Amino acid sequence: TNAVAADRYIVAKLIKDNYQGNLWTRTDNKGLYNSQENIKYFPPLPYKGDHKYDQQIHWGSGLNAAMMACAQDKKMICFLGFDLYGTVTDPGKINNIYKNQDGYSDANSRAVDPRHWIYQFERLFKLYPQTSFVFIKRLDYPRANWDEYPNVYFDTYDNLHYYLNEIREPIVGTIA
């Protein structure tokens, strides 16, 4: 099994909880975990760029996991809980499946500006046009405007079983 944690606090928590699988983290954390055999380090980003968000230190756990899956030539990557924006009822409030847990913001925190995630995802969409990126979310939830990318799909939790039961091309398509 594999876990991906860019944040040092989360890595330390997983070690304390005796996580036994491979634990992937940033290379700038290397000196901290020399005694941990299961610690692995993110490969370098597959491109060079001049923007702040082109530096791996600004890539979080989810995008590093996505990048690593792309590098393994996965045909399809499904994203659950990567909602980018605030809650449906309050767009200014954090919408994170880990909220209120140790190391994460509480449910009343302000939503994170998603521009850096959008930018980084767009790099992956362009670099891996053979990979289908499927974002599973509620029908009433806002979505990024990625219409220019033919390998990006949005679908609902009701249709998730189509993607889990077999690896195939997305046929449900993009929801409005």
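Placed above this text is the structure.
Reference entry: report on the structure contained in this document. Residue indices follow the written sequence of each chain, beginning from 1 at its first position. This being a predicted model, a pLDDT of at least 70 is required before a residue's local features are given, and a value of 80 or more before pairs of side-chain atoms are given or counted; all residues contribute to the totals for chains, interfaces and linings. Only hydrogens and water are set aside when side-chain values are computed; all heavy atoms of the structure are taken into account.

**A few points about the sheet that holds strand 5 (residues 132-136)**
Strand pairing within a sheet occurs via backbone hydrogen bonds; the two strands may be parallel or antiparallel.
Stage number 1. Spatial strand order, 4-5-6: three strands in an open sheet with parallel pairing. Here the strands that pair on one side only, and so sit at the sheet edges, are strand 4 (76-80) and strand 6 (152-155). Sheet twist, expressed as the mean angle between neighbouring strand axes with direction ignored, is 20°.
Stage number 2. Any two strands with at least two DSSP-identified bridges between them are counted as paired. Counting from the N terminus, the helices are the DSSP runs of H or I reaching at least four residues and the strands are the DSSP runs of E reaching at least two. Two strands pair when backbone bridges link them, and strand 5 and strand 6 are joined in this way by four bridges, in the parallel orientation. Bridge pairing links Phe135 to Phe154 in strand 6.
Stage number 3. By definition in these notes, contact holds between two residues if any of their heavy atoms fall within 4.5 Å. Note on geometry: axes are lines fitted to C-alpha atoms, helical ones only across the stretch in contact, with angles between N-to-C directions running from 0 to 180 degrees. Along the sheet face, helix 3 (residues 115-127) touches strand 4, strand 5 and strand 6 and points at about 145° away from the line of strand 5.

**Overview of the pattern of salt bridges**
Stage number 1. Whenever a carboxyl oxygen of Asp or Glu lies within 4 Å of a side-chain nitrogen of Lys or Arg, that contact is scored as a salt bridge. Evaluation of the coordinates by the stated rule reveals six salt bridges.
Stage number 2. Here Arg115 makes a salt bridge to Asp113, at a shortest N to O gap of 2.5 Å.
Stage number 3. Here Arg143 makes a salt bridge to Asp147, at a shortest N to O gap of 3.5 Å.
Stage number 4. The cut-offs for exposure are 20% and 50% of the maximum accessible area for each residue type, with area from a 1.4 Å probe on protein chains only; residues under the lower value are buried, those over the upper are exposed, and the others partly exposed. Looking at Arg143, the relative accessible area reads 26%, which means it is partly exposed.
Stage number 5. It is possible to trace a salt-bridge network through shared partners that takes in Arg8, Arg26 and Asp28.

**Description of the packing of aromatic side chains**
Stage number 1. Side-chain rings of Phe, Tyr and Trp (the six-membered ring for Trp) are treated as a pair once their centres are within 6.5 Å; stacked means planes under 30 degrees apart, edge-to-face means over 60, and tilted covers the remaining angles. Throughout the structure, instances matching the rule amount to 19 aromatic pairs.
Stage number 2. Seen from their ring centres, Phe125 and Trp146 are 4.8 Å apart, and the 80° between their planes marks the pair as edge-to-face. With Phe125 in helix 3 and Trp146 in the loop between strand 5 and strand 6, this residue pair connects regions lying 21 residues apart in the sequence.
Stage number 3. Overall, the relative accessible area of 1% leaves Phe125 in the buried class.
Stage number 4. In textbook terms, an aromatic cluster arises when at least three aromatic residues are bridged by ring pairs, as seen for Phe79, Phe82, Trp117, Phe121, Phe125, Phe133, Phe135, Trp146, Tyr149 and Phe154.
Stage number 5. Directly above the aromatic system of Tyr41 lies the positively charged group of Lys30, at a separation of 5.3 Å from the ring centroid.
Stage number 6. Counting as a charge over the ring demands two things of the Lys NZ or Arg CZ atom: a distance within 6 Å of the ring centre and an angle within 35 degrees of the ring normal. One Lys or Arg, Arg123, reaches over the ring of Tyr119 and ends 4.2 Å from the middle of that ring.

**Details of the environment of Ile77**
Stage number 1. Here Ile77 shows up in strand 4.
Stage number 2. Separated by 57 residues in sequence, Ile77 and Val134 place their C-alpha atoms 6.1 Å apart.
Stage number 3. Sequence-distant contacts of Ile77, defined by excluding residues within four places in its chain, comprise Ala66, Ala69, Cys70, Thr131, Ser132, Phe133 and Val134.

**Structural notes on the side chain of Thr131**
Stage number 1. For Thr131, the location among the structural elements is in the loop between helix 3 and strand 5.
Stage number 2. Here Thr131 is in contact with Lys74, Lys75, Met76, Ile77 and Asn151, once residues within four sequence places are set aside.

**Brief notes about the nonpolar core**
Stage number 1. The set of buried Ala, Val, Leu, Ile, Met, Phe, Trp, Tyr and Cys residues whose side-chain atoms join them within 4.5 Å is what this entry labels a nonpolar core. Ranked by size, the top nonpolar core spans 28 residues in total, and within it Phe133, Phe135 and Trp146 carry the most contacts.
Stage number 2. For this core, the secondary structure elements donating two or more residues are helix 2 (61-71), strand 4, helix 3, strand 5 and strand 6.
Stage number 3. The element contributing the most residues to this core is helix 2, with six residues.
Stage number 4. Once you skip the residues sitting within four places of it in the chain, Phe133 turns out to touch Cys70, Ile77, Phe79, Leu124, Phe125, Tyr128, Asn151, Val152 and Tyr153.
Stage number 5. By size, the runner-up hydrophobic cluster in this structure holds eight residues, among which are Ala5, Val11, Tyr33 and Tyr41.

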